[in-house]
Amino acid sequence: MPRKIRTIRIDGNIAYVPLTKGYEAIIDAEDVPIIGKWNWTAHVSPHTTYAKRAENNGQKHQTIYMHRFLVGGVGDLQVDHKDCIGLNNRRGNLRVAGPSENSQNQRTRKNNTSGFKGVSFEADTGKWIAQIRIDGKKVRLGSFETPELAHAAYSDASKKYHGYFGRAS
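Residues numbered from 1 in each chain as written. Predicted model: local features only at pLDDT ≥ 70, side-chain atom pairs only at ≥ 80, totals over all residues. Heavy atoms only, no water.

(A) Representation of the nonpolar core. Ranked by internal contacts, the top residues of the largest apolar core, which has 18 residues, are Val17, Leu19, Ala25, Ile27, Ile35, Trp40 and Met66. Looking at this core, the elements that each hand over two or more residues are β2 (14-18), β3 (24-28), α1 (32-35) and α2 (66-71). Ile35 has contacts with Ile8, Val17, Ile27, Trp40, Met66, Phe69 and Leu70, leaving out every residue within four places of it along the chain. Ranked by size, the runner-up nonpolar core spans six residues in total, among them Val119, Ala130, Ala150 and Ala153. (Core = buried A, V, L, I, M, F, W, Y, C linked by side-chain atoms within 4.5 Å. Buried < 20%, exposed > 50% of the residue type's maximum accessible area, 1.4 Å probe, protein only. Helix = DSSP H or I, 4+ residues; strand = E, 2+ residues; numbered from the N terminus. Contact = heavy atoms within 4.5 Å.)

Have a look at this one:
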């Protein structure tokens, strides 16, 4: 007996895809015909939660992530969520990105002690330093009296070097 497919709720041009563990993914209503063919599950990771499904072609078990499935044909590239919310799979929130571009859009990490992305305290000088990654290399932007000043330097550099993918918080 085939598995019952969970019902997707549509509200205007947004659709809510029920997942396991009480989660819902958000998609554009126009994508319901292609997403609604399967049941999707929640994949909870330390930084975000994604929607996924399993596929078995008889020889190999494969994990299909909803955001990659919707964009399609990205090969070794990644699919970045502009708002960093892994369950927001509306097409306007998804973009193809290389690994460095994807990392430029990461949020401030939970273990960050300054409260600002790209800012840390340098105990031996008693100053706040700003650093950014450019082409995979860490670049020191300077030392500052306050974390806010260091963050301003990071934000300016992120706009300059990371452009469209930059995130300052």
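Having seen the model, we can carry on.
(B) Looking closely at the environment of Ala157. Within the fold, Ala157 resides in helix α4 (residues 147-162). Taking the relative accessible area as the measure of exposure, Ala157 reaches 7% and is therefore buried. Along the primary structure Ala157 and Gln131 are separated by 26 residues, whereas in three dimensions their C-alpha atoms are 9.1 Å apart.

(C) Spatial organisation of the sheet that holds strand β11 (residues 137-144). Judged by pairing direction, the sheet is antiparallel, and its three strands sit side by side in the order β9-β10-β11 without closing on themselves. Of all strands in the sheet, those with a lone pairing partner are β9 (119-122) and β11, marking the two edges. If you compare each strand with its neighbour and ignore which way they point, the axes differ by 35° on average. Strand direction decides the pairing type here: strand β10 (residues 127-134) and β11, joined by seven bridges, are antiparallel. If you follow Gln131 over to β11, its bridge partner there is Arg140. (Pairing = 2+ DSSP bridges. Axes fitted to C-alpha atoms, helices over the stretch in contact; angles between N-to-C directions.)

(D) Structural context of the sheet that holds β2. Taken in spatial order, the three strands of this open sheet run β1-β2-β3, and their pairing is antiparallel. Where the open sheet ends on each side, the last strands, each with one partner, are β1 (9-11) and β3. Going across the sheet, the axis of each strand differs from the next one's by a mean of 25°, ignoring polarity. As judged from the three bridges shared by β1 and β2, these two strands associate in the antiparallel manner. Each residue of the ladder has a partner; that of Ile10, found in β2, is Ala15.

(E) Molecular detail of the packing of aromatic side chains. Counting across every chain of the model gives five aromatic pairs. Plain terms: the ring middles of Trp38 and Phe69 are 5.4 Å apart, the flat faces sit at 90° to each other, and that makes the pair edge-to-face. Remark: Phe69 occurs in helix α2 and Trp38 occurs in the loop between α1 and β4 (41-44); sequence separation between them is 31 residues. The side chain of Arg9 reaches across the aromatic face of Tyr16, ending 4.2 Å from its centre. Sitting over the face of the ring of Trp38, Arg53 holds its NZ or CZ atom 3.7 Å from the ring centroid. (Phe/Tyr/Trp six-rings, centres within 6.5 Å; stacked < 30°, edge-to-face > 60°. Lys NZ or Arg CZ within 6 Å of the ring centre and 35° of its normal.)

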